[in-house]
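Architecture at a glance
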Amino acid sequence: MDIAPHDNLDPAPVVGRFAPSPSGRMHLGNVFSSLVAWLSAKSQGGRMVLRIEDLDDRCRQEYADQIMRDYEWLGLTWDVGPVYQRDRTEVYEEALRSLTDRGLTYPCFCSRAELHAASAPHASDGTPIYAGTCRNLSPAEVAERSRLRTPATRLRVPAVDDVADDMIEFVDRTYGAQCEALATECGDFLVRRSDGVFAYQLAAVVDDAAMGVTEVVRGCDLLSSTPRQIYLQNLLGLPHPTYAHVPLLMAPDGRRLSKRDHDCGMDGLRERFGTPEALLGWLAGKTGIAPDCEPRSAEELVGIFSWENVRTHRNNLVIEPIL
């Protein structure tokens, strides 16, 4: 599970990554998490991988191209890539086959509406905790249901009474020690959707290992995904990168900032600030990376970056309106 661009580079102490999904234009939250990822890697003498996570049918090449132009405008360069997930489906097939051959997966015929209508609780990311409806279907039942609906594929997690295997523990660089019981807080989870698209959890794990990623920095909305990814790494015999989740940027009224807000999309940000130094300096000051909001380039921020400053924000960060 390797990729050629990585083979020709000398080992680096830290390999971080940009992993945008090109379903729209970058916004301020994307800029913040990308900036922290880049600063963390570069302040440790590391390099960055650019991976375009374009498996979803909402993704477009024009968005990927624009994201790369925005990164370059910001001064957030990368050392490997771009690598497109759409070109790597054979690698995901291989990983899924490895899991299936060991009896660790099963077909699931539950629709999204059925999952959300169930009375079962939801995980912290809003995903319904799967009740195991299709876990023990007989071969005859699978054959019958397959005639009516194409199944998704789920990964079995250890039973709740198998404590040793069920508990996933890790230390997040921002949020500290984390522990999750997969059976009760997640349930059997998807590794391939019914439309054939590989799930984020499987693709990200396989790609991080193949690309030599040692440090994953991303928004805290993905913190709950980490135990599932560590479980997959364990099953596939893949290394564990370190994880650091950064707070989300919120408007004063409690809304999560997104590309729907004109002043938070890259068009609005470039119009308002004019230069990348002005934007990055303002953002670094507002989020505690820098002591003030004076204009600074990405390279200038490397010299003052510290995870201690990021760790002071364990709650979401409220950003005052820009315009």
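Residues numbered from 1 in each chain as written. Predicted model: local features only at pLDDT ≥ 70, side-chain atom pairs only at ≥ 80, totals over all residues. Heavy atoms only, no water.

The next point concerns the overall build of the protein chain. When helices and strands are tallied, the protein chain shows 14 helices and 12 strands. Of all intrachain contacts in the protein chain linking residues separated by at least 6 positions in sequence, the fraction that spans at least 24 positions is 77%. Roughly 14800 Å² of accessible area belongs to the protein chain as shown, and the carbon and sulfur atoms make up 49% of that amount. (Helix = DSSP H or I, 4+ residues; strand = E, 2+ residues; numbered from the N terminus. Contact = heavy atoms within 4.5 Å. Areas by Shrake-Rupley, 256 points an atom, 1.4 Å probe, with all protein chains shown as cover.)

As enumerated under the stated definition, the model contains six aromatic pairs in all. Geometrically, the ring pair formed by Phe273 and Trp282 is tilted, given 5.3 Å between the ring centres and 45° between the ring planes. Taken together, a centroid distance of 5.7 Å and an interplanar angle of 80° make the contact between Phe305 and Trp307 edge-to-face. The two residues Phe305 and Trp307 agree in class, both being buried. The side chain of Arg86 reaches across the aromatic face of Tyr84, ending 4.2 Å from its centre. Lying over the aromatic face of Tyr130, Arg154 brings its terminal NZ or CZ to 3.7 Å of the ring centre. (Phe/Tyr/Trp six-rings, centres within 6.5 Å; stacked < 30°, edge-to-face > 60°. Buried < 20%, exposed > 50% of the residue type's maximum accessible area, 1.4 Å probe, protein only. Lys NZ or Arg CZ within 6 Å of the ring centre and 35° of its normal.)

With respect to the secondary-structure elements, Tyr84 resides in strand 3 (residues 80–84). In this structure the C-alpha to C-alpha distance between Tyr84 and Leu55, which are 29 residues apart in sequence, comes to 8.6 Å. Setting aside its immediate chain neighbours within four residues, Tyr84 contacts Ile52, Asp54, Gln61, Ala64, Asp65 and Met68.

The next point concerns helix 4 (residues 89–101). For an α-helix, 3.6 residues make a turn, and residues three or four places apart therefore share a direction. For helix 4, built from 13 residues, the straight-helix expectation of 18 Å at 1.5 Å per residue is met to within 8% by its first-to-last C-alpha distance of 18 Å. Along helix 4, the residues that are buried comprise Val91, Tyr92, Ala95, Leu96 and Leu99. Relative to the axis of helix 4, the buried residues are bounded by an arc of 135° and lie together on one face. With respect to the buried face of helix 4, the exposed residues turned more than 90 degrees away are Glu90 and Asp101. (Expected span 1.5 Å × (residues − 1). Arc of directions from axis to C-beta.)

Now for the packing of helix 4 against helix 10 (residues 226–236). Contact pair helix 4 / helix 10: the axes reach a minimum separation of 10 Å and the direction vectors enclose 75°. Looking at the two axes, helix 4 sits roughly perpendicular to helix 10. Between helix 4 and helix 10, the contacting residues are Ala95, Ser98 and Leu99 on the first element and Leu232, Leu235 and Leu236 on the second. Tallied by class, residues from the contact of helix 4 with helix 10 come to five nonpolar, one polar and no charged. (Axes fitted to C-alpha atoms, helices over the stretch in contact; angles between N-to-C directions. Parallel < 35°, antiparallel > 145°, perpendicular 65-115°, else oblique. Nonpolar A, V, L, I, M, F, W, Y, C, P; charged D, E, K, R; others polar.)

This part is about helix 12 (residues 276–286). In terms of residue burial, helix 12 counts as a mostly covered element, since eight of its 11 residues are buried. Those residues of helix 12 lying buried are Pro276, Ala278, Leu279, Leu280, Gly281, Trp282, Leu283 and Ala284. Looking at the buried residues of helix 12, the elements they touch are helix 2 (28–43), helix 3 (61–74), strand 11 (249–250), helix 11 (266–273) and helix 13 (298–302). Two residues or fewer after helix 12 comes Gly288, characterised by a positive phi angle close to 85°.

On to the sheet that holds strand 2 (residues 47–52). Within a beta sheet, neighbouring strands are joined by backbone hydrogen bonds and run either parallel or antiparallel to one another. In space, the three strands of this open sheet follow the order 1-2-3, with parallel pairing throughout. Among the strands making up the open sheet, the edge pair consists of strand 1 (15–18) and strand 3. Ignoring which end each strand starts from, the neighbouring axes of this sheet average 25° apart. Here three bridges tie strand 2 to strand 3, and the two strands are oriented parallel to one another. Considered in strand 3, the bridge of Ile52 is made with Tyr84. (Pairing = 2+ DSSP bridges.)

Here we take up the side chain of Ser34. Note that Ser34 resides in helix 2. Judged by relative accessible area, which is 8%, Ser34 ranks as buried. At a separation of 2.8 Å, a polar atom in the side chain of Ser34 contacts the main-chain carbonyl oxygen of Asn30. Among all residues touching Ser34, those that are not within four sequence positions of it are Phe18, Met26, Tyr71 and Leu76. (Polar contact = N/O pair within 3.5 Å; in protein donor to acceptor, adjacent residues only side chain to side chain.)

Here we take up the pattern of salt bridges. The full count for this structure, using the stated rule, is 18 salt bridges. Between Arg17 and Asp208 there is a salt bridge whose closest N-O contact spans 3.1 Å. With Arg17 in strand 1 and Asp208 in helix 9 (residues 200–210), the pair connects residues that are 191 residues apart, well separated along the chain. Taking the shortest distance from any N to any O, the salt bridge between Asp207 and Arg88 comes out at 2.6 Å. (Salt bridge = Lys/Arg side-chain N within 4 Å of Asp/Glu carboxyl O.)

Spatially, three strands are ordered 4-5-8 in an open sheet, and the strand pairing comes out antiparallel. Both edges of this open sheet fall to strand 4 (105–108) and strand 8 (189–192), since each of them pairs with a single strand only. Looking at each pair of strands side by side, their axes are set apart by 45° on average, direction ignored.

Another aspect to go through is the packing of helix 9 against helix 10. Interhelical geometry of helix 9 versus helix 10 gives an angle of 55° and a closest axis separation of 9 Å. As far as their axial angle goes, helix 10 and helix 9 are oblique. Handedness of the helix 9/helix 10 crossing: right-handed. Here Tyr200, Gln201, Leu202, Ala204, Val205 and Val206 of helix 9 come into contact with helix 10, specifically with Arg228, Gln229, Leu232, Gln233 and Leu236. (Left-handed = near helix turned anticlockwise from the far one by under 90°.)

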